Amino acid sequence: MGIQLMGLAHAKQKLQPTLSGRTANALATSNVPKGHIAVYVGEGKKKRFVIPITYLNHPLFQDLLNRAEEEFGFNHPIGGLTIPCSEEYFISLTTLLNCS
């Protein structure tokens, strides 16, 4: 029994950094409203945008998603969905999608 408790304590210490990281990620995404997704955009320094998930179905946005898949696969450097385009292009695209 004592050995099992020591094993649990050791496991908890090992998991603590992982759990802390997950908590930080949960806090970072908790300010995204329901029906939206956070994406990171830009060349070099990335800027975070929160967009409606309905944009994901638009053919122009799907082109960006295909480019993101080609460039990053499922390993996005920031941890969130990273879109490989300029901030200016992304803003003009989302403005267009917002009007339609």
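Residues numbered from 1 in each chain as written. Predicted model: local features only at pLDDT ≥ 70, side-chain atom pairs only at ≥ 80, totals over all residues. Heavy atoms only, no water.

**Quick word on the overall build of the chain**
Move 1: A tally of regular secondary structure across the chain gives three helices and three strands.
Move 2: The order of helices and strands in the chain, counted from the N terminus, is α-β-β-α-β-α.
Move 3: Put simply, the chain has 100 residues, and 24% of those count as buried. (Helix = DSSP H or I, 4+ residues; strand = E, 2+ residues; numbered from the N terminus. Buried < 20%, exposed > 50% of the residue type's maximum accessible area, 1.4 Å probe, protein only.)

**A short note on the side chain of Thr94**
Move 1: Tracing the chain through its elements places Thr94 in helix α3 (residues 87–99).
Move 2: A polar contact of 3.0 Å, which involves the side chain of Thr94, links it to the backbone oxygen of Ile91. (Polar contact = N/O pair within 3.5 Å; in protein donor to acceptor, adjacent residues only side chain to side chain.)

**Here we look at the confidence of the model for the chain**
Move 1: Model confidence for the chain is summarised by a mean pLDDT of 77, while 68% of its residues fall at 70 or above.
Move 2: Per-residue pLDDT stays below 50 along residues 1–6; that stretch engages in zero contacts with residues further than four places along the chain or on separate chains.
Move 3: In the predicted structure, residues 18–24 sits below a pLDDT of 50 and forms zero contacts with residues beyond four places in sequence or in another chain. (pLDDT = per-residue confidence, 0-100. Contact = heavy atoms within 4.5 Å.)

**So, the nonpolar core**
Move 1: Membership of the largest hydrophobic core is limited to twelve residues, which are Val39, Val41, Phe49, Ile51, Tyr55, Phe61, Leu64, Ile83, Cys85, Phe90, Leu93 and Leu97.
Move 2: Ranked by the residues each element gives to this core, the list is headed by α3, at three residues.
Move 3: Those residues in contact with Leu64, other than ones at most four positions away along the chain, are Ile83, Pro84, Cys85, Tyr89, Phe90 and Leu93. (Core = buried A, V, L, I, M, F, W, Y, C linked by side-chain atoms within 4.5 Å.)

**Focus: the pattern of salt bridges**
Move 1: Across all of its chains, the model carries one salt bridge by this definition.
Move 2: Among the ionic pairs, Lys47 bridges to Glu87, the shortest N-O distance being 3.5 Å. Taken as a pair, Lys47 in strand β2 (residues 47–52) and Glu87 in helix α3 lie far apart in primary sequence, 40 residues in all. (Salt bridge = Lys/Arg side-chain N within 4 Å of Asp/Glu carboxyl O.)

**Concerning the packing of helix α2 (residues 59–72) against α3**
Move 1: Where α2 meets α3, the closest approach of the two axes is 10 Å, and the angle between their N-to-C directions is 150°. One finds that α2 runs roughly antiparallel with respect to α3. Taking contact as the criterion, the partners of Leu60, Phe61 and Leu64 in α2 are, on α3, Tyr89, Phe90, Leu93, Leu96 and Leu97.
Move 2: Its residues assigned to classes, the contact of α2 with α3 shows eight nonpolar, no polar and no charged. (Axes fitted to C-alpha atoms, helices over the stretch in contact; angles between N-to-C directions. Parallel < 35°, antiparallel > 145°, perpendicular 65-115°, else oblique. Nonpolar A, V, L, I, M, F, W, Y, C, P; charged D, E, K, R; others polar.)

**Re the pairing of strand β1 (residues 36–41)**
Move 1: When β1 meets β2, the two strands line up antiparallel, connected through six bridges. If you follow Tyr40 over to β2, its bridge partner there is Arg48.
Move 2: Between β1 and β2, which follow one another and run antiparallel, lie five residues, and Gly42 among them has a positive phi close to 135°.
Move 3: Pairing analysis gives three bridges linking β1 to strand β3 (residues 81–83), with the strands arranged parallel. (Pairing = 2+ DSSP bridges.)

**Some remarks on a nonpolar patch on the surface**
Move 1: Where nonpolar side chains cluster on the molecular surface, the patch consists of Leu60, Tyr89 and Leu96 and spans about 260 Å² of accessible area.
Move 2: Looking at the secondary structure, you find Tyr89 in helix α3.
Move 3: Overall, the relative accessible area of 36% leaves Tyr89 in the partly exposed class. (Patch = residues over 30% accessible without salt bridge, like charges linked within 9 Å, V, L, I, M, F, W, Y side chains within 5 Å. Areas by Shrake-Rupley, 256 points an atom, 1.4 Å probe, with all protein chains shown as cover.)

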